[in-house]
Amino acid sequence: MCGIIGYTGRKKAAPIILDGLKRLEYRGYDSAGIALLTRREDLGLRREDYGFQVVKQKGRLAALEENPKTAKLEGFTGIGHTRWATHGEPSDINSHPHLGGSNRVAIVHNGIIENYKQLKAKLESKGARFVSQTDSEVIAQLAEHYYSGDLIDALIKTFNALQGSFALGVMCVDNPDIIIAVRKDNPLIIGVSEHGNFIASDVPAVLNHTNKVYYMEDGEIAVINKDEVTFINSDKEVITKPQTTVTWGVDDAEKGGYPHFMLKEITEQPKVLNDTVNITFNEGENKKTIDKIDFLMFNRIVITACGSAYNAGLCGRYVFEKLCRRSVEVELASEFRYKDPIIDEKTLVILVSQSGETADTIAAMREAKARGAATLGIVNVIGSTIAKESALCLFTAAGPEIAVATTKAFSAQLILLYALALKAAANMGRLTEGALLKLEDEIRALPAKAAEILENVDVLQKYSSNCIGYKSVFFIGRNIDYAIAAEGSLKLKEISYIHSEAYAGGELKHGTISLIEDNTLVVTISNNPALHGKIMSNAEQVISRGANVLLLGNCGGARFEDCGNEKITFIKLPCCHELFSPSLSAIALQLFAYYIAANKGLDVDKPRNLAKSVTVE
């Protein structure tokens, strides 16, 4: 949520910042802005001749670029921001950057300030005048309130007064070539290049210029100028940090000829699955991490996550329980810490998050650690908070995922959950070596089967093009098919804006079937031969009430072709072990949702009101 980019260096800042903002659009936003620290007189060299040029615009970044004021921006130091509204409606005035009352300090902020009302009242009592409805403006006003010539001192006092989460970029007219960055519970990276240095919310914003970055940690302050970066703590002590070289390039964060990032990322899944399998089942880092885990130490396993990662956890639960005969709980991270969870030192808590910065999942991790539980992260970003703070961490080899709706990262998460379940079952003596190797071979075969789906997409594409008129779509399945049905429903609603719900097939008669009427669409998933007859009975029940059915499955000998009803359209998926079928069903469901949204002419990569990484509660 929200995107921050800052640059100070030898090149003109405005084009660099605007390009960085474009590369952060995937995070979700409703307005954008830019501030440059510029001399008021072209030849003026006195500090008092410096001042801020600010352009802010509601709507997409294109509106900011087309604003005539943007073309007039000059300077070599600046900050930019894409805002996802929390406090105050989307508007020009509520957009970032925000200035203090005397225009000496400018800030961009990602996060939420929980005590902003109290701080605002205090500052107003001292004469401060606020112009926006945001919580973020309090930071700029407070920094100016404390400022008496030493910006670092003023910011430390400001940070100590704030309650909540923040990633900040700060400029001051008295320090014209410097940007200061700080983070607390929100991601922020520092990029270093030959022509200047950067702050950013995420790596793609700087990849056009550098692949050398530092990942900031909570409480750290970075002071950057065109030539160097210095890290200090709140006692102003210098910190030495390791530099990271990003292994993927700018091309990985480009569309590469595809109409949308989402379609590109769907088609990348055979490679992502193969790469994740290699580092997990061969001699990769994930395998080394998994080999360290002794599941006999734990009497409870809890998987906690949000959104699609939660749905991956639901699929993982079925695999764990089938192979290990051990109960596994899957908890929404947003509820986990508020339910007084029953966990202790014999509990393994698995945290799943694409970004590794999901606020609720981080909070769940910290709650679990405080209660003595062991924590294991599954993330896609090496320098993320969950990667650094969980006791152990596995990495999905998905590379950058730009579309808001996750696809390839979700599929990689499934692979890691399968791997953990196999390790646990072997650890507990539930699998012979032969059975273990056979199941591993089933997982190794998934990339090729995923490629097979993508090579035969025409039928699904054609079917989806006829679905844009539906007002509601229902997804049903049984057992693990029900878990992946939840992900299919989420994909459809988040990018096509069509109402959808997922149900266990056996629950239809417990109220849900009252919603079925003529020309309702029911997507039915069947990958378990033992339950095929049951789910087909459910399909017949909805057809008898006027529904159309899209049937997806791979049940081996089950005779889908003999379903004998023109209201059923069957799309066969490659055959695989039922426990790993979500990996194939997911791709078909992603394509189904994508083609519906694309045919509706919607902004598939940036659906309304959504953000890629939910970094506020």
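The preceding data block contains the structure.
Everything numeric in this text was worked out from a predicted model, so none of it was measured.

Undergrad: Describe the overall build of the protein, and please don't skip the residues or the numbers.
TA: Broken down by element type, the protein carries 20 helices and 25 strands. Since a compact globule built from 617 residues should have a radius of gyration of about 25 Å, the 26 Å found for the protein is in line with a globular shape. Reported as C-alpha extents along the three principal axes, the dimensions of the protein are approximately 85 × 55 × 45 Å. The burial tally for the protein puts 60% of its 617 residues in the buried class. Long-range pairs, those at least 24 residues apart, make up 72% of the contacts in the protein with a sequence separation of at least 6. If you sum the accessible surface of the protein, you get close to 24,100 Å²; carbon and sulfur atoms cover 48% of it. Separation between the mean location of the 68 positive side-chain charges and that of the 75 negative ones in the protein comes to 2 Å.

Undergrad: Outline the packing of helix α15 (residues 433-444) against helix α16 (residues 446-455), supporting the account with residue identities and numerical values.
TA: Packed helices, taken two at a time, are described by the angle between their axes plus the distance between the axes. One can describe the packing of α15 onto α16 by two numbers: an axis separation of 5 Å at closest approach and a directional angle of 30°. Of the possible angle classes, the one that applies to α15 and α16 is roughly parallel. For the pair α15 and α16, the contacting residues are E442, I443 and R444 in the first and L446, P447 and K449 in the second. When its residues are assigned to classes, the contact of α15 with α16 shows 3 nonpolar, no polar and 3 charged.

Undergrad: With reference to specific residues and values, describe the sheet that holds strand β14 (residues 238-239).
TA: Adjacent strands of a sheet pair through backbone hydrogen bonds, lying either parallel or antiparallel. Read from one edge to the other, the open sheet built from 7 strands follows the order β5-β6-β7-β8-β12-β13-β14, with strand pairing classed as antiparallel. Strands with a single pairing partner mark the edges of an open sheet, and in this sheet they are β5 (98-99) and β14. Pairing analysis gives 6 bridges linking strand β7 (residues 164-172) to strand β8 (residues 175-184), with the strands arranged antiparallel. Paired with L168 across the bridge in β8 is V182. Across the sheet, helix α5 (residues 137-146) is in contact with β5, β6 (105-113) and β7; its angle to β6 comes to roughly 130°.

Undergrad: Let's hear about the packing of aromatic side chains: which residues, and what values?
TA: Enumeration over the complete set of coordinates arrives at 8 aromatic pairs. Plain terms: the ring middles of F159 and F166 are 5.9 Å apart, the flat faces sit at 25° to each other, and that makes the pair stacked. Residue class for F159 comes out buried when judged on its relative accessible area of 11%. By relative accessible area, F166 is classed as buried at 3%.

Undergrad: So, the sheet that holds strand β25 (residues 568-572): which residues are in play, and what are the values?
TA: Strand order in the open sheet formed by 5 strands is β22-β21-β23-β24-β25, with parallel pairing between adjacent strands. The two strands at the open ends of the sheet, each matched to only one other strand, are β22 (499-504) and β25. Strand-to-strand twist across the sheet, computed as the mean angle between neighbouring axes with direction ignored, equals 20°. Here strand β24 (residues 548-553) pairs with β25 via 5 bridges, running parallel. Looking across to β25, one finds that V549 is bridged to I568. Relative to the sheet, helix α17 (residues 458-465) contacts β23 (521-526), β24 and β25, its axis offset from that of β25 by approximately 150°.

Undergrad: For the environment of L431, give the residues involved together with the corresponding values.
TA: With respect to the helices and strands, L431 occurs in the loop between α14 (408-427) and α15. For the pair formed by L431 and C2, sequence separation is 429 residues and the distance between their alpha carbons is 46 Å. In this view, L431 contacts L422, A425, A426, L436 and L439; residues no more than four positions away in its chain are not counted.

Undergrad: Can you explain the environment of T8? Please cite residues and give values.
TA: Topologically, T8 is positioned in strand β1 (residues 3-9). Expressed as a C-alpha distance, the spacing of T8 and I79, which sit 71 residues apart in the sequence, is 8.9 Å. Among residues more than four places away in sequence, those in contact with T8 are F76, T77, D177, I179, G196, N197, I224, N225 and K226. A polar contact of 2.9 Å, which involves the side chain of T8, links it to the side chain of T77. Within polar-contact distance, the side chain of T8 engages the backbone oxygen of D177 at 3.1 Å.

Undergrad: Mind laying out the packing of α17 against helix α20 (residues 582-599), listing which residues take part and the relevant values?
TA: Taken N-terminus to C-terminus, the directions of α17 and α20 make an angle of 45°; their axes are 8 Å apart at the nearest point. Of the possible angle classes, the one that applies to α17 and α20 is oblique. As for the relative orientation of α17 and α20, their crossing is right-handed in sense. Listed contacts from α20 to L460, Q461, Y463, S464 and S465 of α17 are A588, L591, F592, Y595, I596 and N599. Counted by class, the contact of α17 with α20 contains 7 nonpolar, 4 polar and no charged residues.

Undergrad: Quick rundown of the pairing of strand β10 (residues 196-200)? Include the residues and the values.
TA: Two faces belong to every sheet, and in a regular strand the side chains alternate between them. The buried count for β10 comes to 5 of 5 residues, which makes it a mostly enclosed element. Pairing geometry for β1 and β10, over 5 bridges, is antiparallel. Residue pairing in the sheet places Y7 in a bridge with F198 of β10. When strand β9 (residues 189-192) meets β10, the two strands line up antiparallel, connected through 4 bridges. In the sheet register, G191 faces β10, and the bridge partner there is F198.

Undergrad: I'd love a proper account of helix α19 (residues 532-543), names of residues and values included.
TA: Between its first and last C-alpha atoms α19 spans 16 Å; for 12 residues at 1.5 Å apiece the expected length is 16 Å, and the two agree. Buried residues belonging to α19 abut β21 (472-477), β23, β24 and β25.

Undergrad: How would you explain the nonpolar core if you had to name every residue and give the values?
TA: By size, the foremost hydrophobic cluster in this structure holds 95 residues, and its most contacted members are F320, I350, L420, L591 and F592. Discounting residues that sit within four places of it in the chain, F592 has contacts with L460, Y463, S464, C467, F475, L492, L521, V523 and L550. Listed in part, the 29 residues of the second largest apolar core include Y116, L123, L142 and F166.

Rules used in this analysis
- Residues numbered from 1 in each chain as written.
- Predicted model: local features only at pLDDT ≥ 70, side-chain atom pairs only at ≥ 80, totals over all residues.
- Heavy atoms only, no water.
- Helix = DSSP H or I, 4+ residues; strand = E, 2+ residues; numbered from the N terminus.
- Rg over C-alpha atoms; globule rule 2.2 N^0.38 Å.
- Buried < 20%, exposed > 50% of the residue type's maximum accessible area, 1.4 Å probe, protein only.
- Contact = heavy atoms within 4.5 Å.
- Areas by Shrake-Rupley, 256 points an atom, 1.4 Å probe, with all protein chains shown as cover.
- Lys, Arg positive; Asp, Glu negative; His and termini not counted.
- Charge placed at Lys NZ, Arg CZ, Asp CG, Glu CD.
- Axes fitted to C-alpha atoms, helices over the stretch in contact; angles between N-to-C directions.
- Parallel < 35°, antiparallel > 145°, perpendicular 65-115°, else oblique.
- Nonpolar A, V, L, I, M, F, W, Y, C, P; charged D, E, K, R; others polar.
- Pairing = 2+ DSSP bridges.
- Phe/Tyr/Trp six-rings, centres within 6.5 Å; stacked < 30°, edge-to-face > 60°.
- Polar contact = N/O pair within 3.5 Å; in protein donor to acceptor, adjacent residues only side chain to side chain.
- Left-handed = near helix turned anticlockwise from the far one by under 90°.
- Expected span 1.5 Å × (residues − 1).
- Core = buried A, V, L, I, M, F, W, Y, C linked by side-chain atoms within 4.5 Å.

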